[in-house]
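Observations on the three-dimensional arrangement
Given next are the chains, with one letter for each unit.
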Amino acid sequence: QVQLVESGGGSVQAGDSLRLSCAGSGVTYNRYCMAWFRQAPGKEREGVADIHTGTGSTQYGDSVKGRFTISQDNGKNTLYLQMNSLKPEDSAMYYCAASKERYYWCNLNADTYSYWGQGTQVTVSS
C-alpha cells in the first residue's frame, strides 16, 4: 500500500520561501517518477516539478523555473520542494505524486502518476 503525506505548507508573504515535504511509504525508490502538482481554486491542475528517483533528473514547469527546486532523500523516502521568491500566483493546494510504473524518464503529465497525497495548502499574500 503506497501512501504519500505532504507537509510544510502555510501562509507567507510574497518573496518568502517554503519547503514542502512528502513522506512516502510503500514506494520503491528506483526508476520511478515522483512529482509535485498544484491546483488553485477554479484552475486546472498544474505540474510543478518532477524527478526521476533513479537518475535524479529533474524538470520544472515554466512558471516556477529558477525559483523552485525538487529533491529527494531516498534514505528517508522523502520528496522535497524548495520554493523561493514566492508569488501570490503560487497560492494553491500542492500535491505529491508517484508513478506506479517504472520509467526511463519522467514528465509532468498527471496521467503518469497513480499515487497521490492529500495535499498541503500554500497561500502567498502580496
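Keep in mind that this is a model prediction, so the values were computed, not measured.

Here's the deal with the pattern of salt bridges
Per the stated rule, a full pass over the model turns up four salt bridges. The closest approach of N and O atoms between R38 and D90, which form a salt bridge, is 2.9 Å. With R38 in strand β4 (residues 33-39) and D90 in the loop between β8 (78-83) and β9 (92-98), the pair connects residues that are 52 residues apart, well separated along the chain. Judged by relative accessible area, which is 5%, R38 ranks as buried. For D90, a relative accessible area of 1% puts it in the buried group. Here D62 and K65 are joined by a salt bridge, their closest N and O atoms 3.1 Å apart. Through salt bridges with shared partners, a single network forms among R38, E46, R67 and D90.

Remarks on the environment of D62
Within the fold, D62 resides in the loop between β6 (58-60) and β7 (68-73). The spatial distance from the C-alpha of D62 to the C-alpha of A49 is 9.6 Å, given a sequence separation of 13 residues. There is a polar contact of 3.1 Å between the side chain of D62 and the side chain of K65.

What counts and how
Residues numbered from 1 in each chain as written. Predicted model: local features only at pLDDT ≥ 70, side-chain atom pairs only at ≥ 80, totals over all residues. Heavy atoms only, no water. Salt bridge = Lys/Arg side-chain N within 4 Å of Asp/Glu carboxyl O. Helix = DSSP H or I, 4+ residues; strand = E, 2+ residues; numbered from the N terminus. Buried < 20%, exposed > 50% of the residue type's maximum accessible area, 1.4 Å probe, protein only. Polar contact = N/O pair within 3.5 Å; in protein donor to acceptor, adjacent residues only side chain to side chain.

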